Amino acid sequence: MKTLRLILGDQLHAQHSWYQKTSDDITYLMIEMHQETSYVKHHIQKITAFFAAMRCFAQELTAQKHQVRYFKIGDDWAKKPLDEILSHLIGELSIQKFEYQQPDEYRLDEQLNQFCTCLPIAYECFSTEHFLTEKTELGNFFKGKKQWLMESFYRQMRKKHHILMQGDAPVGGAWNFDHENRKKYKGEHLVPLAAIFQNDVREIHQEIDAQNMDYFGHINPKHLDWPINRKQCLQQLDYFCAHLLEHFGDYEDAMHSREKYLFHSRLSFAMNTKMLSPMEVIQKAIDTFEQNPQKISLPQIEGFVRQILGWREYVRGIYWAKMPEYQSLNYFGHQNQLPEFFWTGQTKMNCLKHAIGQSLNDAYAHHIQRLMVIGNFALLTQIHPDQVDAWYLGVYIDAIEWVEMPNTRGMSQYADGGIIATKPYVSSGSYIQKMSDYCSGCAYDVKQKTGEKTCPFNSLYWHFVEVNRPLFQDNPRMAMMYHQLNKMPAEQRAALLERAEKIIQNPDAF
């Protein structure tokens, strides 16, 4: 039976069962689609890295004698909608059956579902064989429960996959060592150089520019740092385990102006494109831990495993359980526009200058930079979550909607009203000072309580707490904040609120 199989740009899973046998009757289709580069404005490194990885994957399939049809970004057919491309090829190749893997974005899932319902030939949807849960598993796990706590799900995942377990009990007697994963980096340990690959992507970059594509960010097309094939991804995984894992947990929440990667793995692009599977990443890390018990402590490996086995699977489950309503949630009714400095990095606030500048330069920032600096500011200044979502989805090389949206709209912006987080993740400048060196040399003083030189986060934080008093004053996790606010002298409180309003009205002035 002549079969057409579609491979999306985030389905580069070389170990998928599809590829175990070759057949002249099966054609694999890959497309650098304009529709996928234009639904939001993307970072140039993100577009380029995806195309480079897709081309490497197509070359590998061809080398294995699979039949591959590939449309590059400059091809006329790449400019057409996906359903039109599929219809054309089904007719041209006299296809008798259409097959595809489950898309990880709701938008594409709906598009392919609608396309298939009108097909006059047979069709079938396959698992991507990548994730550690079914797409409905988390929703079923929490069915009938008021709170969907990640910790509960994480423990179930540990038991299900028998990861870091001794019988029915967790290794070390505790499920979670998060309280030990909050150290500030002060140069105690030398940070190894990051694993970079210097891929030459000048040809792809030129082809993208020839299409007059609307993108942003910076790139050196002679030296793209990100892994673009499975061999490089495995090298990056090996490097992380050999050189970074021993301090990952300690400093996973730390930020430093001269060490943008610290001990982070930078494996999310490799996993989100499916060049690496989550289980092989987890198992490699655990093997390294077990082989080096004097070098790597339990909190280091548990912190890493929690991010993949727990958080990554959790946010995917939230996405599929709550879409499509989730994409329009705006709990606070925020309506403000994204500040211009989100596109330039030009601000006097040192923490934002570093975190956003790094995002624009490298298409990368780790989770605390995204959550407690950039996202914190966006929430405190009342930016519309649609705008925050679009920026995060476009700027980060690992951002695919299933993982970006719950992290941004839910965890970062609390726009879901508490489905993911039990309280908003907001803070004053003191948290940023505690976890980074960003406050040193800043134009503002994190220790000042009022005045033009006080850290904008201080004023914005107390403004948020005051404005949202009806929503959170009875929340036990925020009781201390309201106790402090109630004790604050009226004059100081008024000054803070007034300054916060100025910042909210014109954040680019700060």
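**What to know about the overall build of the protein chain**
Along the backbone of the protein chain there are 21 helices and nine strands. Taken against the 2.2 N^0.38 rule, which gives 24 Å for 510 residues, the C-alpha radius of gyration of the protein chain at 24 Å falls within 12% of a compact globule. The C-alpha extent of the protein chain, read off along each of the three principal axes, is 80 × 55 × 50 Å. A buried classification covers 57% of the 510 residues belonging to the protein chain. By sequence separation, contacts in the protein chain at least 24 residues apart represent 75% of the contacts at least 6 residues apart. Summed over all atoms, the accessible surface of the protein chain reaches about 21,400 Å², with 48% contributed by carbon and sulfur. A distance of 5 Å separates the average location of the 54 positive side-chain charges in the protein chain from that of its 60 negative side-chain charges.

**Some remarks on empty space enclosed by the protein**
Taken as a whole, this structure holds five cavities of 30 Å³ or more when the rule is applied. For the largest cavity, the calculated volume is near 400 Å³. Residue lining of the largest cavity: 24 residues in total, with Gly9, Asp10, Glu36, Tyr39 and Phe50 positioned closest to the centre. When contributions to the lining of the largest cavity are tallied by element, the ones reaching two or more residues are α1 (34-38), α2 (44-63) and α4 (106-117).

**Re the sheet that holds strand β1 (residues 3-6)**
Read across the open sheet, the five strands follow the order β4-β2-β1-β5-β6; overall the sheet is parallel. The open sheet has two free edges, formed respectively by β4 (67-71) and β6 (122-126), since each of these has just one partner strand. Adjacent strand axes in the sheet meet at a mean angle of 20°, parallel and antiparallel pairs treated alike. Two strands pair when backbone bridges link them, and β1 and strand β2 (residues 26-31) are joined in this way by four bridges, in the parallel orientation. Bridge pairing in β2 links Leu4 to Thr27.

**Brief notes about helix α7 (residues 202-210)**
Inspection of α7 places Ile204, His205, Glu207 and Ile208 among the buried residues, and these make up the whole buried set. The arc that holds every buried residue of α7, seen down its axis, measures 160°, which confines them to one face. Residues of α7 that are exposed and point over 90 degrees away from its buried face: Gln206 and Ala210. Looking at the buried residues of α7, the elements they touch are α2 and β9 (215-216). In the stretch just after α7, Asn212 is the one whose phi turns positive, near 50°.

**What to know about helix α13 (residues 350-362)**
Helix length check: α13 (13 residues) gives 18 Å between terminal C-alpha atoms against 18 Å at 1.5 Å per residue, within 8%. Burial of α13 is extensive: 10 of the 13 residues sit out of reach of the surface. Listing the buried residues of α13 in full gives Asn350, Cys351, Leu352, Ala355, Ile356, Gly357, Gln358, Ser359, Leu360 and Asp362. The first or second residue beyond α13 is Ala363, which carries a positive phi of 55°.

**Quick look at the pairing of β2**
Extensive coverage of β2 is indicated by the burial of six of its six residues. The alternating pattern of β2 places Ile26, Tyr28 and Met30 and Thr27, Leu29 and Ile31 on opposite faces, both of which are buried. Bridge count between β2 and β4: five bridges; the pairing is parallel. What sits directly across from Leu29, in β4, is Arg69.

**Here's the deal with the environment of Thr454**
Topologically, Thr454 is positioned in the loop between α17 (429-435) and α18 (456-467). Between the C-alpha atoms of Thr454 and Arg55, which are 399 residues apart in sequence, the distance is 50 Å. Non-local contacts of Thr454, meaning those with residues more than four positions away in its chain, are made with Tyr444, Asp445, Gln448, Lys449, Ser459 and Arg499. Within the structure, the side chain of Thr454 is placed 2.5 Å from the backbone oxygen of Gln448, a separation counted as a polar contact.

Rules and cut-offs
- Residues numbered from 1 in each chain as written.
- Predicted model: local features only at pLDDT ≥ 70, side-chain atom pairs only at ≥ 80, totals over all residues.
- Heavy atoms only, no water.
- Helix = DSSP H or I, 4+ residues; strand = E, 2+ residues; numbered from the N terminus.
- Rg over C-alpha atoms; globule rule 2.2 N^0.38 Å.
- Buried < 20%, exposed > 50% of the residue type's maximum accessible area, 1.4 Å probe, protein only.
- Contact = heavy atoms within 4.5 Å.
- Areas by Shrake-Rupley, 256 points an atom, 1.4 Å probe, with all protein chains shown as cover.
- Lys, Arg positive; Asp, Glu negative; His and termini not counted.
- Charge placed at Lys NZ, Arg CZ, Asp CG, Glu CD.
- 1 Å grid on protein atoms, 1.4 Å probe; cavity = no way out; pocket = protein on both sides within 12 Å on 5 of 7 lines; lining within 4 Å.
- Points joined across faces, edges and corners; volume = space filled by probe spheres on them.
- Pairing = 2+ DSSP bridges.
- Axes fitted to C-alpha atoms, helices over the stretch in contact; angles between N-to-C directions.
- Arc of directions from axis to C-beta.
- Expected span 1.5 Å × (residues − 1).
- Polar contact = N/O pair within 3.5 Å; in protein donor to acceptor, adjacent residues only side chain to side chain.

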